[in-house]
Amino acid sequence: MTTNARLRALVELADTGSVRAAAQRLVVTEASVSAAISALAAEVGVPLLDRDGRGVRLTAAGRRYVDYARRILGLHEEALAAARSEADPEHGTLRLAAVTTAGEHLLPTLLASFRAEYPAVVLGLEVAQRGAVWPKLAYHEVDLVVAGRPPDDGPMWVRAVRPNSLVVVGSPELAATFDPAAATWLLREPESGIRATTTALLSALEVDPPRLTLGSHGAVVAAAVAGLGVTLVSLPAVHGHLESGALVQLAVPGTPLRRPWHVVSQPAPTATTELFVRHLLAHGELGWRAPGSPGAPEDPAADSRAATAART
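Let us look at the structure shown here. Note that this is a predicted model, so its numbers are computed, not measured.

Another point: the sheet that holds strand β5 (residues 144-147). Taken in spatial order, the five strands of this open sheet run β4-β3-β5-β13-β6, and their pairing is mixed. Looking at the sheet topology across the chains shown, the edges are occupied by β4 (122-128) and β6 (157-162). With strand direction ignored, the average angle separating the axes of adjacent strands in the sheet is 20°. By the bridge criterion, three bridges tie strand β3 (residues 93-99) to β5 in an arrangement that is parallel. Paired with alanine 98 across the two strands is valine 146, which belongs to β5. With respect to the sheet, helix α6 (residues 107-117) is in contact with β3, β4 and β5, its orientation differing from that of β4 by roughly 175°.

Below you can see the structure in the form of structure tokens.
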């Protein structure tokens, strides 16, 4: 019989790439992981793993099965949280995920406000790049995502939006001679949403300047302060640097870009999730609004997609 422990072993192996690493994460023996996956394969009726040199890799069937395993595990956790929070939302669990900039600059104030009013809610927060947070919602591994534009596919519900502007910044020394086509542009990691937006901006400007990729939001901002180049960044994330004069905003055609923040939940959220959404919408000082309400920001990218869909 399939158990959560067996499914978890398969998911951890898929994430880590080896039986040893999966066993270390689960704090079990390698033999236990191998036995769990062998039992799953026997139940499914097809091999889930192939030998790959001295290691193993998922077969095509294994990769397909692990997607369902993630959903099953996520749904089970969500079901437990939903049942418990239905009885008492103020003592429930809330699992959040946020992209790096939101996690560093929006969530601390938001969570502090919520915790002050509902101290018994158990909060969990994962901060990751855009490419990692949205699958967590799709797999029911989190209840809410705080990020920029949601993906076009998948059953998701935008619950709140907040204004956000993207601007180009650099050190004061670069400002006098700044040329978008010649300056070095500092980029985030490959799966970052703001990296994709930067690439689209440069394409729209029809320029191909030098690029330097760094591994995090903090590294990009620090590099800009040090004078290594310029970067496109969320305005609130560099407010302090602009106030101090360590960075200056640079004039680039097409900027500032309006890219609102979104709070997104599953279509059937838990009672504790609803409690959190009501809280952030009730406290205007936090800056969040219901989509389509007076004062709510519009997303030009979303409007463009809707217009394209209407024409096709």
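Looking now at the nonpolar core. Within the largest apolar cluster, 31 residues are counted, with the highest numbers of intra-cluster contacts made by Ala102, Leu107, Val145, Phe276, Leu280 and Trp288. Of all the elements in the fold, those that place two or more residues in this core are β3, α6, α7 (130-138), β5, β13 (261-265) and α12 (271-282). When residues in this core are grouped by element, the largest group, five residues, is from β3. Every residue in contact with tryptophan 288, bar those within four places of it in the chain, is listed here: Leu106, Leu110, Val146, Ala160, Val161, Arg162, Trp261, His262, Val263, Leu280 and Leu281. Residues Val11, Ala23, Val66 and Leu73 belong to the second largest nonpolar core, which totals 20 residues.

Another point: the packing of aromatic side chains. Considering all chains together, one arrives at two aromatic pairs under this definition. Consider the rings of phenylalanine 114 and tyrosine 118, whose centres lie 5.1 Å apart with planes at 40°: the pair is tilted. Accessibility expressed as a relative area gives 0% for phenylalanine 114, which makes it buried. Following the ring pairs from residue to residue traces out a cluster consisting of Phe114, Tyr118 and Phe276. The aromatic ring of tyrosine 68 is capped on one face by arginine 71, whose charged end is 5.8 Å from the ring centroid. A cation over a ring is seen here: arginine 159 above tryptophan 157, with NZ or CZ 3.7 Å from the ring centre.

Of all the residues in α6, the buried ones are Leu107, Leu110, Leu111, Ser113 and Phe114. End-on, the buried residues of α6 take up no more than an arc of 160°, which puts them together on one face. Facing away from the buried side of α6 by more than 90 degrees, the exposed set consists of Thr109 and Ala116. Buried-residue contacts for α6 involve β3, α5 (100-105), β4, β5 and α12.

With respect to the element layout, serine 113 can be found in helix α6. Residue serine 113 is classed as buried on the basis of its relative accessible area of 19%. Apart from residues lying up to four places away in sequence, serine 113 is in contact with His279 and Leu286.

Look at helix α1 (residues 4-16) against helix α3 (residues 30-44): their axes get within 8 Å of each other, and the N-to-C directions meet at 110°. Judged by the angle between their axes, α1 and α3 are roughly perpendicular. Between α1 and α3, the contacting residues are Arg6, Leu7, Ala9, Leu10 and Leu13 on the first element and Val33, Ala36, Ile37, Ala39 and Leu40 on the second. Class assignment of the residues belonging to the contact of α1 with α3 gives a composition of nine nonpolar, no polar and one charged.

What follows concerns the packing of α1 against helix α4 (residues 60-87). Viewed as axis vectors pointing N to C, α1 and α4 meet at an angle of 125°, and their least axial separation amounts to 9 Å. As the angle between them shows, α1 and α4 are arranged oblique. With respect to the hand of their crossing, α1 and α4 are arranged in left-handed fashion. On α4, the residues that touch Asn4, Leu7, Arg8, Leu10, Val11, Ala14 and Asp15 of α1 are Tyr65, Val66, Ala69, Arg70, Ile72, Leu73, His76 and Glu77. Of the residues in the contact of α1 with α4, the class split is nine nonpolar, two polar and four charged.

In this section: the side chain of glutamine 266. Note that glutamine 266 resides in the loop between β13 and α12. Ignoring sequence-local partners within four residues, the contact set of glutamine 266 consists of Glu78, Leu137, Ala138, His140, Asp143, Pro155 and Trp157.

The next point concerns the layout of surface pockets. Its boundaries defined by the atoms lining it, the largest pocket holds a volume of some 450 Å³. As for the largest pocket, its lining consists of 23 residues, and the residues nearest its centre are Gly148, Arg149, Gly193, Ile194 and Thr197. Every element with two or more residues in the lining of the largest pocket is listed here: α5 and α9 (193-205). Examining the composition of the lining of the largest pocket, we find that five residues originate from one element, α9, more than from any other. Here the residues of the lining of the largest pocket are counted per class, giving nine nonpolar, nine polar and five charged.

Rules used in this analysis
Residues numbered from 1 in each chain as written. Predicted model: local features only at pLDDT ≥ 70, side-chain atom pairs only at ≥ 80, totals over all residues. Heavy atoms only, no water. Pairing = 2+ DSSP bridges. Helix = DSSP H or I, 4+ residues; strand = E, 2+ residues; numbered from the N terminus. Axes fitted to C-alpha atoms, helices over the stretch in contact; angles between N-to-C directions. Contact = heavy atoms within 4.5 Å. Core = buried A, V, L, I, M, F, W, Y, C linked by side-chain atoms within 4.5 Å. Buried < 20%, exposed > 50% of the residue type's maximum accessible area, 1.4 Å probe, protein only. Phe/Tyr/Trp six-rings, centres within 6.5 Å; stacked < 30°, edge-to-face > 60°. Lys NZ or Arg CZ within 6 Å of the ring centre and 35° of its normal. Arc of directions from axis to C-beta. Parallel < 35°, antiparallel > 145°, perpendicular 65-115°, else oblique. Nonpolar A, V, L, I, M, F, W, Y, C, P; charged D, E, K, R; others polar. Left-handed = near helix turned anticlockwise from the far one by under 90°. 1 Å grid on protein atoms, 1.4 Å probe; cavity = no way out; pocket = protein on both sides within 12 Å on 5 of 7 lines; lining within 4 Å. Points joined across faces, edges and corners; volume = space filled by probe spheres on them.

Such coordinate-based values are descriptive only and should not be taken to indicate function.
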